[in-house]
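Each chain, letter by letter, is given below.
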Amino acid sequence: MAAQCVTKVELTVSCQNLLDKDIGSKSDPLCVLLMSSSNSQWYEVERTEKVQNCLDPKFAKKFVIDYYFEMVQKLKFGIYDIDNKTIDLSDDDFLGELDCTLGQVVSSKKLTRPLVLKNKSPAGKGTITISAEEIKDNRVANFEVEARKLDNKDFFGKSDPYLEFYKQTGTGWQLAHRTEVNPLLKNTHLQTDFSLLCFYSKLACAEFECINSKKKQKKKGYKNSGVVSVKLCQVVKEYTFLDYIMGGCQINFTVAVDFTGSNGDPRSPQSLHYISPQGVNEYLSAIWSVGNVIQDYDSDKMFPAFGFGAQIPPTWQVSHEFPLNFNPSSPFCAGIEGVVEAYRVCLPQVKLYGPTNFSPIINHVACFAKQALQQTTASQYFVLLIITDGVITDMDDTRNAIVNASRLPMSIIIVGVGGADFSAMEFLDGDDGRLRSLSGEPAMRDIVQFVPFRQFKNAPSQALAQSVLAELPQQVASFFSLFKLKPPHDPNPS
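Residues numbered from 1 in each chain as written. Predicted model: local features only at pLDDT ≥ 70, side-chain atom pairs only at ≥ 80, totals over all residues. Heavy atoms only, no water.

You'll find the protein chain entered in an unreviewed UniProt entry as C2 domain-containing protein, with Amphiprion ocellaris given as the organism. Here is the UniProt Sequence similarities (unreviewed entry) comment for the protein chain, exactly as written: "Belongs to the copine family." (UniProt positions renumbered as here; feature names shortened; annotations may be inferred.)

See the structure below:
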């Protein structure tokens, strides 16, 4: 499993037109933040200060939260009129609350909603605004450095020099960066003022002598052990995943469901498509798990959903790219609930068949990703979730489709259900080496994440999403960085 994408987000809270619960003055509001734990229990994170006599408070206290893209982080903001000095809020007047997810807040950057009373009904009075900002310094220094006339430290051949950058801290010099070997210098620290270095590099080639203090003490007439030249020094902004999301980038989510005959008759309890009396199966569980995270990052929440490998009415021809709602002109479903409902309605209307072809649906989504790439900003990124039970039949075409898609704003998640041999799926996941097309062309980047559902059967419901989505933020940010595409709106203009 990839390392989680964790960063710190600062939330600022303000309210407008609150209820006035005080006689002879105005309410004295305070905001308390609660989060939902893994076992769905609410716990208090922190509180703001109390604002005296104010129905439109702007709280100075910020909430700082660890943000995980691959998790649904449920938040509750409660507003209370504080009339005593006790910590217990049960004896204070409740003014309203907001339930939301951290994903909803960061994807909108500023979320304004009406306050509600208990259990989301009835509506309270007033509104609450939550503003989000990522805590980070995304300035990156790009150096182009060369060295010449260095001391040779090897008896045979030449030295293998590299350059180390140190920064000064309260406890001394700390290693900040080490370059790769060649053609830079070895075991010599380049220490100078950063702003001065940049200033000189803009005027001309800044040069620094490499001094070996031990050699200088022993050798009379010692001059230097070489020269380091700074050819270029630029400070540039490197956008993060949240910069793109807060700057207006939409994540477009598409679902593709395997309806091949190897799944078994949906009417049989042994079938992978059999919906239990509890209303679930592995396909539905995968849709819910991944979709619940992704949906916060798509503003209209209209998700295309397709099936493949089935004979469909009215002609009963095999299709590897049919809309679950049987509407080719509008294959969109309203929210994850709409995708689930479309799947339920579609299931008894098709005949499971085969073969298991992935390339048509990958190419379908890639067409839209290619159109999005024509835009001059990082406005759209596409995520395709394929849920399947078996071995890919069109492996060569699928390899070609993935290699082509690796050059587009697109990622592919494959969830394998059932007990089949998924070794071919592991091959498509480029973690062990870059995937190549049939002609030998390498993928530009790794865009496929595969997991077998059976690994998560006894795990918490959110574990599947955490596993398959952990790599996505890095895939999004690295793609837009590679193509030098900026967010539609810079969330943190300098």
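Undergrad: How should the sheet that holds strand E21 (residues 351–352) be read in this particular structure?
TA: The pairing of strands in a sheet comes from backbone hydrogen bonds and takes either a parallel or an antiparallel form. Overall, antiparallel pairing links the three strands, which are arranged E18-E17-E21 in an open sheet. If you trace the sheet from one side to the other, it starts and ends with strand E18 (317–319) and E21, each paired once. Alignment of strand E17 (residues 310–312) against E18, held across three bridges, turns out to be antiparallel. Counterpart to Ile 312 in the pairing with E18 is Gln 317. (Pairing = 2+ DSSP bridges. Helix = DSSP H or I, 4+ residues; strand = E, 2+ residues; numbered from the N terminus.)

Undergrad: Got a minute to help me understand the nonpolar core in this structure?
TA: Of all hydrophobic cores here, the largest spans 89 residues; its most connected members are Leu 11, Phe 77, Phe 259 and Leu 469. Ranked by residues supplied to this core, first place goes to helix H5 (residues 282–294) with seven residues. Apart from the residues lying within four places of it in its own chain, the contact partners of Leu 11 are Lys 62, Phe 63, Ile 65, Leu 75, Phe 77, Leu 102, Val 105, Ile 130, Ser 131 and Ala 132. Judged by nonpolar contacts, the second largest core, of 31 residues, contains Ala 256, Ile 361, Ile 392 and Leu 408. (Core = buried A, V, L, I, M, F, W, Y, C linked by side-chain atoms within 4.5 Å. Buried < 20%, exposed > 50% of the residue type's maximum accessible area, 1.4 Å probe, protein only. Contact = heavy atoms within 4.5 Å.)

Undergrad: What exactly am I supposed to notice about a nonpolar patch on the surface here?
TA: On the surface, Met 444, Leu 482 and Phe 483 cluster together to form a nonpolar patch covering roughly 240 Å² of accessible area. With respect to the secondary-structure elements, Leu 482 resides in helix H11 (residues 472–482). (Patch = residues over 30% accessible without salt bridge, like charges linked within 9 Å, V, L, I, M, F, W, Y side chains within 5 Å. Areas by Shrake-Rupley, 256 points an atom, 1.4 Å probe, with all protein chains shown as cover. Salt bridge = Lys/Arg side-chain N within 4 Å of Asp/Glu carboxyl O.)

Undergrad: Teacher, can you tell me more about the layout of surface pockets here?
TA: Any empty space left between the atoms is revealed when a probe the size of a water molecule rolls over them. The volume enclosed by the largest pocket comes to roughly 900 Å³. Taken together, 38 residues line the largest pocket, and the ones lying closest to its centre are Val 72, Lys 74, Asn 292, Ser 461 and Gln 462. Contributing elements (two or more residues each) for the lining of the largest pocket: strand E2 (29–36), strand E3 (42–47), strand E5 (74–81), strand E6 (93–101), H5 and helix H10 (463–469). Each residue belonging to the lining of the largest pocket can be placed in one class, and the counts come to 18 nonpolar, 14 polar and six charged. (1 Å grid on protein atoms, 1.4 Å probe; cavity = no way out; pocket = protein on both sides within 12 Å on 5 of 7 lines; lining within 4 Å. Points joined across faces, edges and corners; volume = space filled by probe spheres on them. Nonpolar A, V, L, I, M, F, W, Y, C, P; charged D, E, K, R; others polar.)

Undergrad: Hey, could you run me through empty space enclosed by the protein in this one?
TA: One pass over the structure, following the stated rule, counts one cavity of 30 Å³ or more. Roughly 50 Å³ of volume is contained in the largest cavity. Along its surface, the largest cavity is lined by Ser 411, Ile 412, Ile 413, Ile 447, Gln 449, Val 468, Glu 471, Leu 472 and Gln 475. Within the residue set of the lining of the largest cavity, elements represented by two or more residues are strand E23 (410–416) and H11. By residue number, the principal contributor to the lining of the largest cavity is E23, which donates three residues.

Undergrad: What's the story with the packing of H5 against helix H6 (residues 335–346) in this structure? I'm lost.
TA: Each packed pair of helices is defined by two parameters, the angle between the axes and the distance between the axes. One can describe the packing of H5 onto H6 by two numbers: an axis separation of 10 Å at closest approach and a directional angle of 165°. Taken together, H5 and H6 sit at an angle that is classed as roughly antiparallel. Remark: the crossing between H5 and H6 carries right-handed chirality. Facing H5, whose interface residues are Tyr 283, Leu 284, Ile 287, Trp 288, Gly 291 and Asn 292, H6 presents Ile 336, Glu 337, Val 339, Val 340, Tyr 343 and Arg 344. (Axes fitted to C-alpha atoms, helices over the stretch in contact; angles between N-to-C directions. Parallel < 35°, antiparallel > 145°, perpendicular 65-115°, else oblique. Left-handed = near helix turned anticlockwise from the far one by under 90°.)

Undergrad: Sorry if this is basic, but what is going on with the packing of helix H7 (residues 359–373) against helix H8 (residues 395–405) here?
TA: Two elements in contact, H7 and H8, have axes separated by 9 Å at closest approach and are oriented at 15°. Here H7 lies roughly parallel to H8, going by the angle between them. Here H7 and H8 pass one another in a crossing that is left-handed. Counting all contacts with H7, which are made through Ser 359, Ile 362 and Asn 363, the residues of H8 involved are Asp 397, Thr 398, Ala 401 and Ile 402. The class makeup of the residues in the contact of H7 with H8 is three nonpolar, three polar and one charged.

Undergrad: Would you take a moment to explain H11 for this structure?
TA: The periodicity of an α-helix, 3.6 residues per turn, causes residues three or four positions apart to be oriented the same way. Within the sequence span of H11, burial applies to Leu 472, Pro 473, Gln 475, Val 476, Ala 477, Phe 479 and Phe 480. In this structure, the buried side of H11 is in contact with helix H4 (241–246), H5, H7, strand E22 (380–388), E23 and H10. Following H11 by one or two positions, Lys 484 has its phi on the positive side, about 55°.

Undergrad: When you look at the environment of Pro 452 in this model, what are you seeing that I'm missing?
TA: With respect to the helices and strands, the residue Pro 452 is situated in strand E24 (residues 448–452). Setting aside its immediate chain neighbours within four residues, Pro 452 contacts Gly 416 and Phe 422.

Undergrad: Would you take a moment to explain the pattern of salt bridges for this structure?
TA: Where charged atoms of side chains with opposite charge meet at close range, the side chains can pair. Per the stated rule, a full pass over the model turns up 13 salt bridges. Here Lys 61 and Glu 46 are joined by a salt bridge, their closest N and O atoms 2.5 Å apart. With Lys 61 in the loop between E3 and strand E4 (63–68) and Glu 46 in strand E3, this residue pair connects regions lying 15 residues apart in the sequence. Lys 61 gets classed as partly exposed once you look at its relative accessible area, which sits at 32%. Residue Glu 134 pairs with Lys 136 through a salt bridge whose shortest N-O separation is 3.9 Å. Residue Glu 134 is classed as buried on the basis of its relative accessible area of 8%. Classification of Lys 136 as partly exposed rests on a relative accessible area of 28%. One connected set of salt bridges, linked through shared partners, spans Lys 76, Glu 97 and Asp 99.

Undergrad: What is the right way to read the state of the cysteines from this model?
TA: Simply put, disulfide is the name for a covalent bond between the sulfur atoms of two cysteines. Within this structure, the stated rule accounts for zero disulfides. Here Cys 15 is not disulfide-linked; the sulfur of Cys 31 is the nearest cysteine sulfur, at 6.3 Å. Accessibility expressed as a relative area gives 1% for Cys 15, which makes it buried. (Disulfide = S-S within 2.5 Å.)

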